[in-house]
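# Results of the structural survey
Here are the chains, one letter per residue:
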Amino acid sequence: MTSIQTNGHAAAHAAPAIKIVPPEAPLRDVMNGAGRMEIPCLDHGFVALVDCMPRLVPEGKTADFAIVQSARVSYGEGTKQVSEDRGLVRYLMRHRHSTPFEMVEFKFHIAMPIFIARQWIRHRTANVNEYSARYSIVPDRFYRPDLESVRKQSKSNRQGGDEPIDVGTAEEFMKLLDNAEHLYKDYLSLTEKGVARELARAALPVSVYTEWYWKCDLHNIFHFLSLRMDPHAQWEIQVFAKAMYELLKPIVPVSAEAFEDYRLESMHLTRLEIEAVRSGKPLATDNKREQAEWESKRERLGLK
Ligand SMILES: Cc1cc2nc3c(=O)[nH]c(=O)nc-3n(C[C@H](O)[C@H](O)[C@H](O)COP(=O)(O)OP(=O)(O)OC[C@H]3O[C@@H](n4cnc5c(N)ncnc54)[C@H](O)[C@@H]3O)c2cc1C
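How each quantity is defined
- Residues numbered from 1 in each chain as written.
- Predicted model: local features only at pLDDT ≥ 70, side-chain atom pairs only at ≥ 80, totals over all residues.
- Axes fitted to C-alpha atoms, helices over the stretch in contact; angles between N-to-C directions.
- Helix = DSSP H or I, 4+ residues; strand = E, 2+ residues; numbered from the N terminus.
- Parallel < 35°, antiparallel > 145°, perpendicular 65-115°, else oblique.
- Left-handed = near helix turned anticlockwise from the far one by under 90°.
- Contact = placed C-beta atoms within 7 Å.
- Pairing = 2+ DSSP bridges.
- Domains from an automatic or database assignment.

### Quick look at the packing of helix H7 (residues 218-228) against helix H9 (residues 253-264)
The interhelical angle for the contact between H7 and H9, taken along N-to-C directions, is 45 degrees, at an axis separation of 12 Å. Overall, the two elements H7 and H9 adopt an arrangement that is oblique. The handedness of the crossing between H7 and H9 comes out as right-handed. Of the residues in H9, those in contact with Leu218, Phe222 and Ser226 of H7 are Ser255, Phe259, Arg263 and Leu264.

### Quick notes on the sheet that holds strand S9 (residues 209-217)
Read from one edge to the other, the open sheet built from five strands follows the order S2-S3-S5-S9-S6, with strand pairing classed as antiparallel. Bordering the open sheet on either side are strand S2 (37-41) and strand S6 (127-130), each of which pairs with just one other strand. For this sheet, the mean inter-axis angle between neighbouring strands, taken without regard to orientation, is 20 degrees. In this structure, S2 lies alongside strand S3 (residues 45-53), joined through five bridges in antiparallel fashion. Paired with Pro40 across the strands is Phe46, a residue of S3. Lying on the sheet, H7 is in contact with strand S5 (105-113) and S9; it crosses S9 at an angle near 130 degrees. Sitting on the sheet, helix H8 (residues 235-248) is in contact with S2, S3 and S5, with an inclination near 160 degrees to S2.

### Things to note about the domain arrangement of the protein chain
Domain annotation of the protein chain identifies domain 1 (25-141 + 208-266), domain 2 (144-206) and domain 3 (269-304). The straight-line distance from the C-alpha centre of domain 1 to that of domain 3 is 34 Å.

The following block contains the structure:
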């Protein structure tokens, strides 16, 4: 009785044999051996790609490989032709079969002004670790647009700016930024006098830069990019989103092409809009904003 129990216990703790399967072809690093790949953004910011999954792929393939591999749920099927892989990736994107795109991940190190970080952090599906202004002194880096980039409040878009404002008013705005930045000296001296960093930072403007590591899967990155590369997003976050896209595009070229074809450059038509195309009649709504949106779609479609 005792010996049976002992044997069962020992068997449960025996290390399992690990079967090592060699790759189907020699592997290559999709980041070509780089430690990081960085694009400067705005005056002090950057987006740096620091790692990705898969990092190693069979020679002749790209990281798109991991998408088709999971979609086929079969290791042996990984040896299909690249052209068949492309067709599958494009099918998955068209039909919003999204989970295979979650098999690819990218990790970025980003430095951006806090007012941009506040928009960015709304994207809840990423894993984020931010610089701690409780633990460390905030570095002396503030966002200042060029004089000619100081935008006027848009009349059509309450959330945005459009054309540059006159130089006099732009200069006045730069003085306001100067005043806000001058608070930094007091912030430093008060932390030196012993005020806790977690409290002293409350006096810093949202133009100050923060940094974080941001890891996300490709499906959710495409969602982020479709919202933040869009002309309706704030110009400053568009700069970061476009840099991020430039960094990942060569690593997943097939998915990026499908994303552009079926998401980024595509257009959604409502039931009313389809009805208007069919009937040749005006859009059946009194809503002015909806009508304006339909007019801009008609222009893109070459219908006016
Ligand atoms: C042009 C623009 C203007 C904006 N204006 C404002 C504004 O005025 N005020 C404001 O507060 N925000 C504003 N936002 C932020 C916006 O409302 C979203 O919070 C942000 O874009 C993140 O989108 P998301 O939730 O789809 O993304 P993610 O958080 O990345 O989520 C991705 C997807 O995962 C799913 N998901 C994630 N978490 C949950 C959850 N907890 N429950 C259910 N589903 C979930 C959803 O399907 C979601 O679409 C604006 C965004 C843009 C692009």
